Structures are given as structure tokens and as C-alpha cells.
Amino acid sequence: MRFLLTYEQRAFAASLDALLTAGDVPAAARAWATGDRDPGRALWARLAETGLFALAADEEYGGVGLRPLELALGFVELGRHGMPGPVVETAAAAVLLGEVGAGRVLAGLVGGETVATVVLSAGGRYALDADAADVVLVESAGVLRVAPGHGPVRVSSDPVRRLAVPEGGGEVVASGVDAGAAALLARLLTAAQCLGVGLALLERTVAYVTQRVQFGVPIGSFQAVKHRLADTLVGLEFARPLVYGAALTLTARDVAAAKVATSEAVYAAAGAALQLHGAVGYTEELDLALWLRKARPLRGAWGTPAACRELVLAGDTSHG
């Protein structure tokens, strides 16, 4: 089956691409890693103006209703450009808050004034960018609360992704909460981010091998290099329809399959990029590092490949 996007969907992705290209995301990401949030928050506000976060909220809260496919398209672009911040977690928080009717906070998420991060009982104990978020939500055993603070911030293998354990206690937002839909959306959007990061790594590597010369010719003319890049492209393009398909069905099995495919594809893209860039690929000064650093943590975020493979093999067709 050939998956064709509508004109409106393609235009939405193109508008995000143009916005992020003009926004100098690498500079914002480097600033974010040092604790300077202003450039990233400015980009965040502009993303909200496009309606990106409104795609995760119902109309009564200023959204347009949950649109998983359009969200996935948007998050591919966020991955391609290396957007910093807890974007996945904010979208998941929007779904969670919509289910419990927390309209005031949700309206802030939709409008871009509020940045949220979330820890779900199904997603681990660390909150991403808790030190940068306005709201840290924690769901445990069906109880959703606002954490009063967080522990020491730890830098992951990606300096732009900062992790912390939320403190206990805090205001209870709701009890009897089912976080399955939020966790499922977080996994889907992480898969979309993986796809975008992989595409960025491939694009930058293709550009580099046409410029790097050995033996008097660009290394991109070498057959071995062509084969490596072709394998990378095939992996990414096979993963793309799985992401789109999972966004349509929103079953646990399909989302897990998309996460497996994109996780492995981005990891392979990072390996190819590092090898073909040679020693310069290891340098932090090269913007390539911003995407290389994302491959490993995104591979494990919101479901490791092993955990997702178990769901695929189990044939879980639940919708969270």
C-alpha cells in the first residue's frame, strides 16, 4: 500500500520546516544544554502559533481534537531540526490533562505559554527537562499529581536532554487516571522524532560525502559509501509508513512496531554518519553532534526496542 498525505498535511509539515529552518534550532539547542532556555522558549511559542500543540487537545480547551497523524508529521520535523525541550512529554501531558478536565493548565500548553513534562508509571522514573518545565506531572498507580520540585539534574548522553527525578507529594490533580492513551501517544511521537533525526543525519551525511575528497574524487562516488547510504535510506523509508500507519490505528502493536523500526533506523543512520564523516564526526563543534547524540536516548525513550518487540509479538491491538 502506498500512503499518500493530503495537500493540507504536506503543507503543515512544510510550514514547520520553514519555521524551524529560519529559527536556527541548533543555536537554540546548544543554549538549552547550557541552561539558557530563552531561544528555545521563543521557538516553542512560535510552534504553538502553528497549532502544533492544539493537535493534542479537544476544542473545549482551545485545541482541534486529537490528530495523531498530523502530530506525527510535526514531530518528524521537530526531530529533523533537533528541537530542544520536552515536546513529546508536553503532548502526552495535553492528552492526560484533557482526560481529567484540567482545562486551565491545558489551555496554557495549547497556547505555548506553559511547558510541561510528565512521568508515567509505564514510562520510567525520570522527568525530561524538569528544570525547564513550568509543570511536572507525575502519574503513579492511577493518581496524577503536580510534583513540587525535582532532584539533581543529570545530563544524559545527549546534553540537550536533561533528566531529574520528581519529588514526592504535591497537589493531586485526579485519581483513577488511565494514562494508557498518553503513553501510547508519547511512544508514537518519539518514533516520529527518531525518524526525523535519522533523516537529518542522512541528509547531512549525503551533503558531506559530496564535498569530502579522497584520491582526487568525492568519497560519495565510492561504491561502498553508496551502499551504506542506500541501506540507511531503505531503513528510514521502511520505517516511515509504519509511523503513519500507527498514527491511524493507534494500537499498541502498531505503535510498538513503528518505534522498533524507527529506533533501529536512527541508530543505523547515526552509525553511518559517524563512519562517513570520519574524525570530524566526533567533534562537538560540528552541528552533526546535535543529532548523533539523540539517536541512543531516543532509541530507548518511551519503550526500548526489546520491550516494543514483545508487544508486537504478543499481538496487542489495544488502544491504550
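The following paragraphs examine the structure supplied in this document. Quick caveat: nothing in here was measured; it's all calculated off a predicted structure.

1. As for the overall build of the protein
Inference 1: Looking only at helices and strands, one finds 11 helices and nine strands in the protein.
Inference 2: A compact globule built from 320 residues should have a C-alpha radius of gyration of about 20 Å, and the protein, at 19 Å, falls within 12% of that.
Inference 3: With the principal axes as the frame, the protein shows a C-alpha extent of 65 × 45 × 35 Å.
Inference 4: Counting the 320 residues in the protein, one finds 52% classified as buried.
Inference 5: Nonlocal contacts in the protein, meaning residues at least 24 apart in sequence, comprise 70% of its contacts between residues at least 6 apart.

2. Notes on helix α6 (residues 103-111)
Inference 1: Listed in full, the buried residues belonging to α6 are L106, G108, L109 and V110.
Inference 2: Tucked into the core, α6 has its buried residues touching α3 (38-49), α5 (87-100) and β1 (116-119).

3. Structural notes on the sheet that holds strand β6 (residues 162-164)
Inference 1: With antiparallel pairing, the three strands of this open sheet are ordered in space as β2-β6-β5. Bordering the open sheet on either side are β2 (127-128) and β5 (154-155), each of which pairs with just one other strand.
Inference 2: Across two bridges, the pairing between β5 and β6 is antiparallel. Paired with V155 across the two strands is R162, which belongs to β6.

4. Regarding the pairing of strand β3 (residues 135-140)
Inference 1: The buried count for β3 comes to five of six residues, which makes it a mostly enclosed element.
Inference 2: As judged from the four bridges shared by β1 and β3, these two strands associate in the parallel manner. If you follow A116 over to β3, its bridge partner there is V135.
Inference 3: Relative to strand β4 (residues 143-146), β3 is paired through four bridges, and the arrangement is antiparallel. Looking at the pairing, S140 lines up with V143 of β4.
Inference 4: Hairpin connection of β3 to β4: two residues between the antiparallel strands, including A141 at a positive phi of 55 degrees.

5. Side note on the packing of aromatic side chains
Two measures describe an aromatic ring pair: the distance that separates the ring centres and the angle between the ring planes.
Inference 1: In total, this model carries one aromatic pair according to the counting rule given.
Inference 2: Above the face of the Y126 ring, R125 is positioned so that its terminal group lies 5.2 Å from the ring centre.
Inference 3: Taking the ring centre of Y267 as reference, the NZ or CZ of R299 above it sits at 4.4 Å.

6. Digging into the nonpolar core
Inference 1: Counting 86 residues, the largest nonpolar core has L47, L52, F75 and V243 as its most contacted members.
Inference 2: The element that contributes the greatest number of residues to this core is helix α7 (residues 180-209), accounting for 13 residues.
Inference 3: For F75, the residues in contact, after removing those within four places along its chain, are L52, V87, V88, A91, L189, A192 and Q193.

7. Let's talk about the pattern of salt bridges
Inference 1: For the structure on display, the rule yields 13 salt bridges.
Inference 2: Close ionic contact of D287 with R30 constitutes a salt bridge, the shortest N to O distance being 3.0 Å. Placement of the pair is D287 in the loop between α9 (252-277) and α10 (288-300) and R30 in helix α2 (residues 25-33), with a sequence separation of 257 residues.
Inference 3: Exposure remark for D287: the relative accessible area of 26% places this residue in the partly exposed category.
Inference 4: Note that R253 and D254 form a salt bridge whose closest N and O atoms lie 3.9 Å from each other.
Inference 5: Of the residues examined, D254 reaches a relative accessible area of 24% and is grouped as partly exposed.

The rules behind these values
Residues numbered from 1 in each chain as written. Predicted model: local features only at pLDDT ≥ 70, side-chain atom pairs only at ≥ 80, totals over all residues. Heavy atoms only, no water. Helix = DSSP H or I, 4+ residues; strand = E, 2+ residues; numbered from the N terminus. Rg over C-alpha atoms; globule rule 2.2 N^0.38 Å. Buried < 20%, exposed > 50% of the residue type's maximum accessible area, 1.4 Å probe, protein only. Contact = heavy atoms within 4.5 Å. Pairing = 2+ DSSP bridges. Phe/Tyr/Trp six-rings, centres within 6.5 Å; stacked < 30°, edge-to-face > 60°. Lys NZ or Arg CZ within 6 Å of the ring centre and 35° of its normal. Core = buried A, V, L, I, M, F, W, Y, C linked by side-chain atoms within 4.5 Å. Salt bridge = Lys/Arg side-chain N within 4 Å of Asp/Glu carboxyl O.

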